[in-house]
There are 2 protein chains.
Amino acid sequence: MSELLASLRAAIGEPNVLTDAIDTAPYLKDWRGRYQGEALCVVRPGTTDEAAKIVQLCAADDVAIVPQGGNTGLCGGATPCGTGEVLISLTRLNRVRAVDIDNNTITVEAGCTLHAVREAASVADRLFPLSIASEGTATIGGNLSTNAGGVQVLRYGNSRDLTLGIEAVLPNGQIWNGLRGLRKDNTGYDLKHLFIGAEGTLGLITCAVLKLFPLPRSHTTAWVAIESPAAAIALLASLRSDFGDRVTAFEIIDATALELVVRHIPGSRQPLPVIPQWQVLIELSEFSASDSDADVIKCLTHASGVQDAMLAQNETQRRALWRLREDISEAQRIEGLSIKHDVSVPVSRIDEFIHKARAELVKNFPGIRVVCFGHIGDGNLHYNLSMPSAIENVKLIERDGEVNRVVHDLVNELGGSISAEHGLGQLKRDEIKRYKSGIEIELMQCIKHALDPGGLMNPGKVL
Amino acid sequence: MSELLASLRAAIGEPNVLTDAIDTAPYLKDWRGRYQGEALCVVRPGTTDEAAKIVQLCAADDVAIVPQGGNTGLCGGATPCGTGEVLISLTRLNRVRAVDIDNNTITVEAGCTLHAVREAASVADRLFPLSIASEGTATIGGNLSTNAGGVQVLRYGNSRDLTLGIEAVLPNGQIWNGLRGLRKDNTGYDLKHLFIGAEGTLGLITCAVLKLFPLPRSHTTAWVAIESPAAAIALLASLRSDFGDRVTAFEIIDATALELVVRHIPGSRQPLPVIPQWQVLIELSEFSASDSDADVIKCLTHASGVQDAMLAQNETQRRALWRLREDISEAQRIEGLSIKHDVSVPVSRIDEFIHKARAELVKNFPGIRVVCFGHIGDGNLHYNLSMPSAIENVKLIERDGEVNRVVHDLVNELGGSISAEHGLGQLKRDEIKRYKSGIEIELMQCIKHALDPGGLMNPGKVL
């Protein structure tokens, strides 16, 4: 092992091979504090060639590799499971290689933060629409490896849909340059889709060509009290029918989620006089000079189930509404531990999921508290469970397996997914075997074995 | 072989196993008449189970399989290369299994024509945006297998982007049910993307869940004479900045293409007094009650390089403009043979491609006639070459290898693709080896070998 360390130091420079516990600590614990890993060392390549060299050296010594971006993942996908692995942190590989305005593309290295990519796009008068709460730290390599979603998937799709080409280091240390900036290219298997969402188990994404979009001139943002999730879905359909693709976000938030934000986040205020059982945060992106306020109000007035509504009158109000949505995770963290789910079902089954899940949970775990919010337009809910009393909550957390069973079985019954946007990592690696068909698991193993026969890329994750 | 035929007849019924030359002829020649194949038989399964049974029987006897949809492909991907293959025609597998309006999805079997899918969506007040000239015959299975593009990719993406889930028969005859109707599902490798665009070389797509969109209420359609391709690209940027996603089509057409249509297609008329060197057909999709005519005219008036323009005043005029675009292929067919290219480059390199390609071709093939049209907003041009004189044209066609070299080398130099939307099939299977990196070809072969170790799925195509 000391020979490998020496080779790594020779390849990328001594300061970029970390072995001291103090130096490596930030890389070895996941953001939620659920997983504590160990590693032979943490290496920080500054170029794709250096990353390839690291993989070659590890492969030659049969040493496994754990790739890591901003370390903001929620399923432990970037934390080592073993003890003697090499953790590759890609945060130094962070250049914007090119912005092509006419082609509406940006070419960025894996270690760029999502925020940096959005800023570089904005400077070029373009939008990179991926947006998640952790974007100041999360890197684009991690976003692609987990196929991150966020609040604008409704219009713009997931990370996968925003990617035209990638560069990757393969498990054998070869570099595949697939950095094509083409909207259309039908010359064989679309290999980039194998690496996107694979959580580093098939190779290391080092760079990507991403799609850019016209930058909206303004937004129409509304906070709407609504009778039920079913009414919310009907409202979404009517908004899309009237405004088409201008509807770029449609988020549902239940009363409990908003109450936690108002209670725990300093300076936050509920937007309407009363906190309703359900509310939606709606945003339209505007390209023409005029806004749609009047038309949106008309649409809301005629929609059934709308109980109250307010429109942001300026950018400050708009940001305040979005902060309420974005602070839900932090408010929950302050409140205490909870059992979290990131699930999706067909949009047409959302209402059924919400009703059946609550009924079943209340029956099995009396007094349970549900925090339910998320991207209802994509059929994606964050569905988090706890007990209001701290002592009761400890007991509930101990029964997380039983709780998961209720939620995940129902999701599966409704044709849904137990990980809509966070990936599998180590957290759901075993759980997924319960719900994916044997044929699909075999297909995944077949691909894994073909590309990474030694099983050296991020072992213990996904599969 | 007679034993296999007997088993096939037993499995799917005698009338669905065709062996008479008269019966099999329509399946064995490709649409453009370039390839004439042979087959042991043509089989027509009516269900996915029957399709799986056929694959199992063929696999047991080591007999290769050629899948075919509407047989409208342009690269010979659905015509057998060998002699003893079984051709599976999927046209009987043509039910619409489900339409889920709230989820905005439609579940259709592979043999549904694209037209039937669009109609079923329309009945549900939804848009299925894939649109190609052959949609009355082309099937959705073929569209997915070749990742078909068309005139609305600018806003809605290629077939791949419109697909949420698929069902496929694997090379070993197992059925993989990946018919999920989810916008978000990050539970491992996204296997559907392997089968989409693989031209049947990794398995048989039998069914798909496709995305639906709000149906536009109306369209704003303009025919614009424009100074140059560079001016067209600048105009597109300014339209997108003003109208965002409402810009759903942006097609360029050169003078020669339009002249051929006016000459050969009865009833067709040039829309403007003079046929300009370059023109673009622009369409905006409207969701609100009011149209954008005035705003579009304002945008065109201020854009540089716009020489003249007309807006369709009603649906009849709109259809007439689109027919001019769609009839280009037929007009060329009537005119005679030509050397066709379906290329893409980054949008920012389109102008360079058009200038350099013409200069190089004129130098090497004096008198050559260029027909250039296509989806300039996607960087995708159909670039077809012939000689005005029939005798000279025969000589040119004989030199197609040299012509391809000029066009494809330039495309490659500009970071483009030699098959933007038609696939590789048998036509470009060898040509692509010249331009794809060895590493990428090896990756493709690695996947092929892993999923289809016997090499029985559509041999001689793609790889």
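All residue numbers here refer to positions counted from 1 along the written sequence of the relevant chain. Whichever chain is written first becomes A and whichever ligand is written first becomes 1, with later ones labelled in order. Selection of residues for local features in this predicted model requires a pLDDT of at least 70, selection of side-chain atom pairs for listing and counting requires 80 or more, and totals for whole chains, interfaces and linings are taken over all residues. Side-chain measures were taken over the full set of non-hydrogen atoms in the model, leaving aside hydrogen atoms and water.

1. What to know about the overall build of chain A
Then comes step 1: A count of helices and strands for chain A gives 17 helices and 18 strands.
Then comes step 2: In terms of C-alpha radius of gyration, chain A reaches 23 Å, essentially the compact-globule figure of 23 Å for 463 residues.
Then comes step 3: Summarising its shape, the C-alpha atoms of chain A cover approximately 70 × 55 × 45 Å along the three principal directions.
Then comes step 4: Only protein chains enter the accessibility calculation, which uses a 1.4 Å probe; a residue whose area is less than 20% of its type maximum is buried, one above 50% is exposed, and one in between is partly exposed. Within chain A, buried positions represent 60% of all 463 residues.
Then comes step 5: For chain A, the share of sequence-separated contacts (at least 6 apart) that also reach a separation of at least 24 residues comes to 73%.
Then comes step 6: For every accessible area listed, the method is Shrake-Rupley and the probe measures 1.4 Å; residues are considered covered only by the protein chains on display. Per element, the accessible surface of chain A, about 17,000 Å² overall, is 50% carbon and sulfur.
Then comes step 7: A gap of 1 Å separates the mean positions of the 45 positive and 56 negative side-chain charges of chain A. Numbering goes from the N terminus for both helices and strands, where a helix is a DSSP run of H or I of at least four residues and a strand is a run of E of at least two. To get the radius of gyration, use the C-alpha atoms; to get the globule rule, take the number of residues to the power 0.38 and multiply by 2.2 Å. Should any heavy atoms of two residues lie within 4.5 Å, those residues are counted as being in contact. Positive residues here are Lys and Arg, negative ones are Asp and Glu, while His and the chain termini are left out of the count. Charge placement uses NZ in Lys and CZ in Arg. For Asp and Glu, CG and CD serve respectively.

2. So, the environment of Phe213 of chain B
Residue and element names in this part refer to chain B.
Then comes step 1: Locating Phe213 in the fold gives a position in strand β11 (residues 213-214).
Then comes step 2: Phe213 sits in the buried class, given a relative accessible area of 12%.
Then comes step 3: Separated by 139 residues in sequence, Phe213 and Glu352 have C-alpha atoms that sit 35 Å apart.
Then comes step 4: Residues in contact with Phe213, not counting those within four places in the same chain, are Arg126, Leu127, Pro129, Arg155, Tyr156 and Leu162.

3. Focus on the sheet that holds strand β4 (residues 86-89) of chain B
Residues and elements named next belong to chain B.
Then comes step 1: Strand order across the open sheet formed by four strands is β1-β2-β4-β3, with mixed pairing between neighbours. Unpaired on one side and paired on the other, β1 (17-18) and β3 (65-68) mark the two borders of the sheet.
Then comes step 2: Being paired, for any two strands, means DSSP has found at least two bridges between them. With three bridges connecting them, strand β2 (residues 41-43) and β4 associate as parallel partners. Bridging from a neighbouring strand, Val42 pairs with Leu87 of β4.
Then comes step 3: Those strands touched by helix α3 (residues 48-60) are β2, β3 and β4, and its axis lies near 170° from that of β4. To get an axis, a line is fitted to the C-alpha atoms, and for a helix only the part in contact is used. The angle between two axes follows their N-to-C directions and goes from 0 to 180 degrees.

4. Brief notes about the pattern of salt bridges
Residue and element names in this part refer to chain B.
Then comes step 1: Any Lys or Arg side-chain nitrogen found within 4 Å of a carboxyl oxygen on Asp or Glu counts as a salt bridge. Applying the stated rule across the entire model yields 62 salt bridges over all chains.
Then comes step 2: Here Glu109 ties to Arg97 by a salt bridge, and the two come within 3.0 Å at their closest N and O atoms. In this pair, Glu109 sits in strand β6 (residues 105-109) while Arg97 sits in strand β5 (residues 96-100), placing the two residues 12 residues apart along the sequence.
Then comes step 3: Glu109 sits in the buried class, given a relative accessible area of 1%.

5. Regarding helix α4 (residues 114-123) of chain A
Residue and element names in this part refer to chain A.
Then comes step 1: Residues of α4 that are buried: Leu114, Val117, Ala120 and Ala121. All buried residues of α4 project into a common sector of 125° when viewed along the axis, lining one side.
Then comes step 2: At its buried positions, α4 is contacted by β5 (96-100), β6 (105-109), β7 (126-127), α5 (140-145) and β10 (204-211).
Then comes step 3: Backbone geometry just downstream of α4 places Asp125 in the positive-phi region, at approximately 60°. The directions considered for the arc are those from the helix axis to the C-beta atoms.

6. Regarding the interface of chain B and chain A
Then comes step 1: Taken together, the contacts link 80 residues of chain B with 81 residues of chain A.
Then comes step 2: Looking only at chain B, the three residues that lose the most surface to chain A are Lys184, Asn186 and Tyr189 of chain B, adding up to 16% of its buried area.
Then comes step 3: Taken together, the connections running from chain B to chain A amount to 12 salt bridges.
Then comes step 4: In this structure, Arg155 of chain A engages Asp245 of chain B in a salt bridge whose closest nitrogen and oxygen atoms are separated by 2.4 Å.
Then comes step 5: We call two N or O atoms a polar contact when they sit within 3.5 Å, provided that within protein one can donate a hydrogen and the other can accept it, with sequence-adjacent residues counted only if both atoms are side-chain atoms. Applying the counting rule to chain B against chain A returns 44 residue pairs in polar contact (both at pLDDT 80 or more).
Then comes step 6: Of all the elements in the fold, those that place two or more residues in the side of chain B that touches chain A are α6 (153-156), β9 (175-178), α7 (192-195), α8 (229-243) and α17 (438-451) of chain B.
Then comes step 7: By residue number, the principal contributor to the side of chain B that touches chain A is α17 of chain B, which donates 10 residues.
Then comes step 8: Among the residues forming the side of chain B that touches chain A, the class breakdown is 31 nonpolar, 30 polar and 19 charged. Once two parts are brought into contact, the accessible area they lose, counted with a 1.4 Å probe and summed over both, makes up the buried area. Following the grouping adopted for this structure description, the nonpolar residues are Ala, Val, Leu, Ile, Met, Phe, Trp, Tyr, Cys and Pro, the charged ones are Asp, Glu, Lys and Arg, and the polar ones are all others, Gly among them.

7. Points about the packing of helix α9 (residues 255-264) of chain B against helix α12 (residues 328-335) of chain B
Residue and element names in this part refer to chain B.
Then comes step 1: Across the interface, α9 lies against α12 with an axial gap of 8 Å and an inter-helix angle of 75°. Looking at the two axes, α9 sits roughly perpendicular to α12. Judged by residue contacts, Ala257, Leu260, Val261, Arg263 and His264 of α9 engage Ile328, Ala331, Gln332, Ile334 and Glu335 from α12.
Then comes step 2: Along the lines of polarity and charge, the residues of the contact of α9 with α12 split into six nonpolar, two polar and two charged. Roughly parallel refers to an angle under 35 degrees, roughly antiparallel to one over 145, roughly perpendicular to one between 65 and 115, and oblique to any angle outside these ranges.

8. Thoughts on the state of the cysteines
Then comes step 1: Only a pair of cysteine sulfur atoms within 2.5 Å counts as a disulfide in this structure description. Evaluation of the coordinates by the stated rule reveals zero disulfides over all chains.
Then comes step 2: In this structure Cys446 of chain A is a free cysteine whose sulfur lies 8.9 Å from that of Cys446 of chain B, the closest cysteine sulfur available.

9. Points about the relation of the copies chain B and chain A
Then comes step 1: Mapping chain B onto chain A leaves a residual RMSD of 0.0 Å; the transformation is a rotation of 180° accompanied by 0.0 Å of translation along its axis. One copy is carried onto the other by what is essentially a two-fold rotation axis.
Then comes step 2: A share of 99% of interface residues in chain B that are also interface residues in chain A marks the association as one of identical surfaces. We place the copies in one frame by least squares, fitting the C-alpha atoms of every residue whose pLDDT is at least 70 in both.

10. Describing the confidence of the model for chain A
Then comes step 1: A score between 0 and 100, pLDDT records how confident the predictor is in each residue. Looking at chain A, pLDDT values average 96 and 100% of them are 70 or higher.
Then comes step 2: We note a pTM of 0.97 for the whole complex and an ipTM of 0.96 for its interfaces.

11. Concerning a nonpolar patch on the surface
Residues and elements named next belong to chain A.
Then comes step 1: Taken together, the side chains of Val96, Val99 and Ile101 make up a nonpolar region of the molecular surface, amounting to roughly 210 Å² of accessible area.
Then comes step 2: Mapping Val99 onto the fold places it in strand β5.
Then comes step 3: Among the residues examined, Val99 registers a relative accessible area of 36% and is labelled partly exposed. Patch building starts from residues that exceed 30% relative accessible area and form no salt bridge, then joins like charges within 9 Å and nonpolar side chains (Val, Leu, Ile, Met, Phe, Trp, Tyr) within 5 Å.

12. Description of the pairing of strand β14 (residues 278-286) of chain A
Residue and element names in this part refer to chain A.
Then comes step 1: Among the nine residues in β14, nine count as buried, and that is most of the element.
Then comes step 2: Along β14, one buried face is formed by Trp278, Val280, Ile282, Leu284 and Glu286 and the opposite face, lined by Gln279, Leu281, Glu283 and Ser285, is buried too.
Then comes step 3: Direction of pairing for strand β12 (residues 218-226) relative to β14: antiparallel, over a ladder of nine bridges. Each residue of the ladder has a partner; that of Ala225, found in β14, is Gln279.
Then comes step 4: Summarising the sheet, strand β13 (residues 247-254) and β14 pair through seven bridges and their orientation is antiparallel. Note on β14: the bridge partner recorded for Phe250 is Ile282.

13. Structural notes on the environment of Leu130 of chain B
Residue and element names in this part refer to chain B.
Then comes step 1: On the secondary structure map, Leu130 appears in the loop between β7 (126-127) and α5 (140-145).
Then comes step 2: Separated by 58 residues in sequence, Leu130 and Gly188 have C-alpha atoms that sit 28 Å apart.
Then comes step 3: Leave out the neighbours within four places in its chain, and Leu130 touches Leu114, Arg118, Asn143, Ala148, Gly149, Ser159 and Leu162.

14. What about the pairing of β13 of chain A?
Residues and elements named next belong to chain A.
Then comes step 1: With eight of its eight residues buried, β13 lies for the most part within the structure.
Then comes step 2: Here β13 pairs with strand β17 (residues 369-375) via two bridges, running antiparallel. When the bridges of β17 are listed, Ile253 appears paired with Phe373.

15. A look at the packing of helix α13 (residues 350-364) of chain A against helix α15 (residues 400-413) of chain A
Residue and element names in this part refer to chain A.
Then comes step 1: Relative to each other, α13 and α15 sit at 155°, their axes nearing to 10 Å. Taken together, the axes of α13 and α15 lie roughly antiparallel to each other. Relative to α15, α13 is oriented so that their crossing is right-handed. Contacts between α13 and α15 involve Phe353, Lys356, Ala357, Glu360, Leu361 and Asn364 on the former and, on the latter, Val403, Val406, Val407, Leu410, Val411 and Glu413. Here is the rule for handedness: rotate from the far helix to the near one, and if that takes an anticlockwise turn smaller than a right angle the crossing is left-handed, while a clockwise turn gives right-handed.

16. Focus: the nonpolar core
Then comes step 1: Side-chain atoms within 4.5 Å are what join buried Ala, Val, Leu, Ile, Met, Phe, Trp, Tyr and Cys residues into a set we call a nonpolar core. Ranked by size, the top nonpolar core spans 175 residues in total, and within it Phe353 of chain A together with Phe353 of chain B carry the most contacts.
Then comes step 2: In this structure Phe353 of chain B touches Val343, Val345, Leu381, Tyr383, Val407, Leu410, Val411 and Leu414 of chain B, once residues within four positions along its chain are discounted.

17. What about the sheet that holds strand β2 (residues 41-43) of chain A?
All names here are of chain A.
Then comes step 1: Strand order across the open sheet formed by four strands is β1-β2-β4-β3, with mixed pairing between neighbours. Strands with a single pairing partner mark the edges of an open sheet, and in this sheet they are β1 (17-18) and β3 (65-68).
Then comes step 2: Pairing analysis gives four bridges linking β3 to strand β4 (residues 86-89), with the strands arranged parallel. Each bridged residue has a counterpart across the sheet, and for Pro67 the counterpart in β4 is Ile88.
Then comes step 3: Against the sheet, helix α3 (residues 48-60) touches β2, β3 and β4, its axis set at about 170° to β4.

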